[in-house]
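In case you want the letters, here they are:
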Amino acid sequence: MPAQENTPDGGPYATAPSADSAASTLQDVNTARARAALRARLTPAWFGPTAAAVLILPRAGDIWGDGKGAAALFSLMLSLAGLVAVCVLVRAGRRGSGVMVTEPWATRIARNRVPVIALIVAFGLALLLCRQLGADEPTTRVVVSVVAAIGVWAARLWRNAAIKQQLRDLA
């Protein structure tokens, strides 16, 4: 059998075009994988209003029950149950997308550091403002819950906008 040259002339053993083709295909696969990972990190549009309702409605129950006794315990349990339900729904939505991306906690904390700090500062300012204006405890809880809900919603909108920009950059 004669020796075959590594030439792009289209011979049966030519490797140059196939190497370029393989590199291009690999690049396409990596881009598709990056897009899928970004799409999996998108938060559904209904998350913000639902999280806001879960944070605010139980505080309204506090006002109804005057923030004491069984009404306070019920509103706390309602908040926790609502947040768990929202997290379960988000996870189910992500599973439905076909891509699950699990990141280490350190990565999640590093990525969410700025929104969490901004949320804590807004929470503290709302609490301080309510105390300075002389608002009672149930009203303070509602105001702080509204600030927290708006903050969570805004953080998710900001994150989704950043992810959509990254998706456009990959296109």
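You'll find the structure just up there.
If you're wondering where the values come from, they're calculated on a predicted model, not measured in any experiment.

**Details of the overall build of the protein**
Alright, step 1. The number of helices and strands found in the protein is six helices and zero strands.
Alright, step 2. Helices and strands appear in the protein in the N-to-C order α-α-α-α-α-α.
Alright, step 3. Burial statistics for the protein: of 171 residues in total, 20% are counted as buried.
Alright, step 4. When the accessible surface of the protein is totalled, it reaches about 11600 Å², and 68% of it is carbon and sulfur.

**Points about the nonpolar core**
Alright, step 1. With five residues, the main nonpolar core is built from Phe47, Ala51, Val54, Val86 and Val90.
Alright, step 2. Of all the secondary structure elements, the ones that give two or more residues to this core are helix H2 (47-64) and helix H3 (69-96).
Alright, step 3. With three residues, H2 is the single largest residue contributor to this core.
Alright, step 4. Non-local contacts of Val86, meaning those with residues more than four positions away in its chain, are made with Trp46, Phe47, Thr50 and Val54.

**Regarding the packing of helix H5 (residues 113-133) against helix H6 (residues 137-170)**
Alright, step 1. Orientation of H5 relative to H6, taken along the N-to-C sense of each, is 155°, at an axis distance of 9 Å. Judged by the inter-axis angle, H5 sits roughly antiparallel to H6. The element H5 and its partner H6 pack so that their crossing is right-handed. Taken together, the residues of H6 that come into contact with H5 (itself represented by Pro115, Leu119, Ala122, Phe123, Ala126, Leu127, Cys130 and Arg131) are Glu137, Thr140, Val143, Val144, Val147, Ala148, Gly151, Val152 and Ala155.
Alright, step 2. Looking at side-chain class alone, the contact of H5 with H6 contains 13 nonpolar, two polar and two charged residues.

**Section: H5**
Alright, step 1. Taking 1.5 Å of rise per residue, the 21 residues of H5 would be expected to cover 30 Å, and the 30 Å separating its terminal C-alpha atoms lies within 8% of that figure.
Alright, step 2. Immediately downstream of H5, the backbone of Gly134 shows phi near 80°, a positive value.

**Let's talk about a nonpolar patch on the surface**
Alright, step 1. A cluster of nonpolar residues, Ile117, Val121, Leu125 and Leu128, forms a patch on the protein surface that exposes about 380 Å² of accessible area.
Alright, step 2. If you trace the backbone, Val121 turns up in helix H5.
Alright, step 3. In this structure Val121 comes out as partly exposed when scored by relative accessible area, which is 47%.

**With respect to the side chain of Ser145**
Alright, step 1. Examined against the element boundaries, Ser145 turns out to sit in helix H6.
Alright, step 2. Given a relative accessible area of 9%, Ser145 falls into the buried group.
Alright, step 3. Discounting residues that sit within four places of it in the chain, Ser145 has contacts with Leu55, Ile56 and Arg59.

**Remarks on the side chain of Thr140**
Alright, step 1. Assignment of secondary structure puts Thr140 in helix H6.
Alright, step 2. If near-sequence neighbours (up to four positions away) are discounted, Thr140 is found in contact with Leu127, Cys130 and Ala135.

Definitions and limits used
Here, residues in each chain are numbered from 1, in the same order as that chain's written sequence. Local features in this predicted model are restricted to residues whose pLDDT is 70 or higher, and side-chain atom pairs enter the listing and the counts only when it is 80 or higher, whereas totals over whole chains, interfaces and linings include all residues. Side-chain numbers here rest on the full set of heavy atoms in the structure, without hydrogens or water. Numbering goes from the N terminus for both helices and strands, where a helix is a DSSP run of H or I of at least four residues and a strand is a run of E of at least two. Partly exposed residues are those whose accessible area sits between 20% and 50% of the maximum for their type, while under 20% is buried and over 50% is exposed, using a 1.4 Å probe and protein chains only. All accessible-area figures derive from a Shrake-Rupley calculation using a 1.4 Å probe, and residue coverage is judged against the displayed protein chains alone. For our purposes a nonpolar core is just a set of buried Ala, Val, Leu, Ile, Met, Phe, Trp, Tyr and Cys residues, chained together by side-chain atoms within 4.5 Å. Note on contacts: a residue pair is in contact if any heavy atoms of the two residues lie within 4.5 Å. In this description, a line fitted to the C-alpha atoms serves as the axis of each element, helices being fitted only across the stretch in contact, and the angle between N-to-C directions of two axes falls anywhere from 0 to 180 degrees. Throughout this description, any angle smaller than 35 degrees is read as roughly parallel, any larger than 145 degrees as roughly antiparallel, any in the 65 to 115 degree range as roughly perpendicular, and the remainder as oblique. Put simply, a crossing is left-handed when the front helix is turned counterclockwise from the back one by less than a right angle, and right-handed when it is turned clockwise. Residue polarity is assigned by list, with Asp, Glu, Lys and Arg as charged and Ala, Val, Leu, Ile, Met, Phe, Trp, Tyr, Cys and Pro as nonpolar; anything else, Gly included, falls into the polar class. Every helix has an expected span of 1.5 Å times one less than the residues it contains. Each patch is built from residues lacking any salt bridge and having more than 30% relative accessible area; the joining distance is 9 Å for like charges and 5 Å for nonpolar side chains (Val, Leu, Ile, Met, Phe, Trp, Tyr). Any carboxyl oxygen of Asp or Glu within 4 Å of a side-chain nitrogen of Lys or Arg constitutes a salt bridge here.

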